[in-house]
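# Close look at the chain arrangement
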Amino acid sequence: MENNLTEKIIRGDVRAAAKLMRGIEDNLPEATDELQKLYPYTGKAFIIGITGSPGVGKSTLVDALITSFRQRQMTVGVVAIDPSSPFTGGALLGDRVRMGKHNTDAGVFIRSLASRGWAGGLARAAISVMYVMDAMGKDVIIVEAVGSGQGEVDIRRLADTTIVVLAPGMGDEIQMMKAGILEAADVYVINKADKDGAGILKTQLEIMLGTKTDYQNEWKPLIVPAQALHGKGIDELTAALLQHKDYLYAGAEIMRRRRERAKLELAAAVEHSLRNHVKMILESEELNTLADNLAQRKTNPYLAAEQAVHKAMGKFREC
Amino acid sequence: MSPERKLRVLLGKPGLDGHDRGIKIIARGFRDAGFEVIYTGLHQNPEQIVNAAIQEDADLVGLSCLSGAHLYLFGEVVKQLRERGAGDVTVIVGGIIPAEDVPALKAAGIKEVFFPGTPIQTMVDWVKNNVKPL
Ligand SMILES: Nc1nc2c(ncn2[C@@H]2O[C@H](COP(=O)(O)OP(=O)(O)O)[C@@H](O)[C@H]2O)c(=O)[nH]1
Ligand SMILES: [Mg+2]
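Residues numbered from 1 in each chain as written. Chains lettered and ligands numbered in written order. Predicted model: local features only at pLDDT ≥ 70, side-chain atom pairs only at ≥ 80, totals over all residues. Heavy atoms only, no water.

All names here are of chain A. Lining the immediate surroundings of ligand 1 are 17 residues, of which Gly55, Lys58, Thr60, Arg98 and Asp194 lie closest. Between glycine 57 and ligand 1, the recorded distance is 3.0 Å, taken from a backbone N or O atom to an oxygen atom. Threonine 60 has a polar side-chain atom sitting 2.5 Å from an oxygen atom of ligand 1. Protein burial of ligand 1: of its 590 Å² of free accessible surface, 80% is covered by the chains. Take the shell around ligand 1: its biggest share by element is three residues, from helix H4 (residues 58-71). Its residues assigned to classes, the shell around ligand 1 shows four nonpolar, seven polar and six charged. (Near = heavy atom within 4 Å. Polar contact = N/O pair within 3.5 Å; in protein donor to acceptor, adjacent residues only side chain to side chain. Areas by Shrake-Rupley, 256 points an atom, 1.4 Å probe, with all protein chains shown as cover. Helix = DSSP H or I, 4+ residues; strand = E, 2+ residues; numbered from the N terminus. Nonpolar A, V, L, I, M, F, W, Y, C, P; charged D, E, K, R; others polar.)

Okay, here's the thing in structure tokens:
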């Protein structure tokens, strides 16, 4: 990875930004240095999380939202997260297919991100990629990820405003019964409103939200019916998102959310740092020596492990 | 820190024909080989493909095209990558391509041409031997 990417990135250089994003994902040490330099230029973007079951229309909705924000003269970054295969480590990242028409718009930057296995790593990568877009000056950043699957990153903790997308005929009714997901959204989208069952889904959702009175704050989630594929309901959705943004900034809520994100970010950074040290231990010469001693019964695994960790932490403090 | 590098491959389909079965099979084959595959969909022009490749920091761009305009379209992708400072990205192509066009494609900077019926494994092996994360 080349040096001094930060200067280029804040001037909006797409290639420099993409290189840093890659460096973060690939765990290159220079990438962390660069991120430290970039950090002061972040914190300005409005971050929207969009989640929901596979096939509900998230990417199609993102495509329509990009158009809508661009019409309002706002620049847009998109982070589209898809799972890596646990067997091969490979990934098929297809969200861009729905957003192809924005590929030639210099005001739009779309980046696909594979989950690569461990939640801490994904959270760190997702937040860092968001920061790179933020530092480039993108006004809005949209993060798309499949909802509440295990081992996935919790998008609600990354975003200022969270959209949960539901669609008829996808088992979302059953999903709703399991609650959980309902606590999540600031704005619900009933997508595929052109299909049978959309009305029923909306009523069910209204009933569930209506019976829930213990909202943490005065924001009552909005429900927006839409047809992402036909561009319907998108203006209403954009208005709802900006309304939520105003609400966030009118009070202390934005700080509360950013503190939540900071916690996630810190946890991911700590996990990342410790993971690198664990790897260092496991790949070190000392481990071989300890293993020899252990095989000869000169020590025991518990003491040996403690010694190895102690040594690594010593080095940790030096750097 | 130990780097954990993964190959990123962008697959695109320039041109007007609407067949993406072939390229989707290749996408799955590449994923199963451990690559991160970004698929951009049908009807993308060279500029759209190049912009996507740069945003995604692709190490390799794979193009398929079944319409007659392949010579121009493939060459344009290589040319625009170079103009944008991304000339180090490897470009390979596949599809119904007349054998006599291969020298012109290679001269235009296309690294390899795969004809219909090439086993996925052959393509995976070629990629593993010829492309490294940038
Ligand atoms: N009928 C209908 N189909 C839609 C609508 N929005 C999206 N779709 C289709 O739903 C499928 C999945 O869309 P996609 O955006 O990839 O979903 P994702 O997996 O949630 O990102 C695609 O075939 C879309 O064309 C809609 O409003 N109505
Ligand atoms: Mg999607």
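A separate point is the side chain of Thr40(B). Assignment of secondary structure puts Thr40(B) in the loop between strand S2 (36-39) and helix H2 (46-55). A distance of 3.1 Å separates the side chain of Thr40(B) from the backbone oxygen of Leu11(B), its partner in a polar contact. Once residues within four sequence positions are removed from consideration, Thr40(B) is found in contact with Arg96(A), Val97(A), Leu10(B), Leu11(B), Gly12(B), Lys13(B) and Ala52(B). (Contact = heavy atoms within 4.5 Å.)

This part covers the nonpolar core. Residue and element names in this part refer to chain A. If you look at the biggest cluster of nonpolar residues, it comprises 37 residues, and the most contacted ones within it are Ile9, Leu20 and Val79. Going through the elements one at a time, helix H1 (5-10), helix H2 (14-25), helix H3 (29-38), strand S2 (76-82), strand S4 (108-114), helix H5 (119-136), strand S5 (140-146) and helix H9 (253-282) are the ones with two or more residues in this core. Each residue touching valine 79, except ones within four places of it in the same chain, is listed here: Arg111, Leu113, Val129, Met130, Met133, Ile141, Ile142, Val143 and Glu144. (Core = buried A, V, L, I, M, F, W, Y, C linked by side-chain atoms within 4.5 Å. Buried < 20%, exposed > 50% of the residue type's maximum accessible area, 1.4 Å probe, protein only.)

Before going further, it helps to spend a moment on the sheet that holds strand S7 (residues 187-190) of chain A. Residues and elements named next belong to chain A. Here seven strands make up an open sheet; going across it, the order is S4-S2-S5-S1-S6-S7-S8 and the pairing parallel. Bordering the open sheet on either side are S4 and strand S8 (222-225), each of which pairs with just one other strand. Each strand of the sheet is rotated relative to its neighbour by a mean of 20°, with strand direction disregarded. As paired elements, S2 and S4 share seven bridges and run parallel to each other. Residue pairing for S4: glycine 77 is matched across the bridge by phenylalanine 109. (Pairing = 2+ DSSP bridges. Axes fitted to C-alpha atoms, helices over the stretch in contact; angles between N-to-C directions.)

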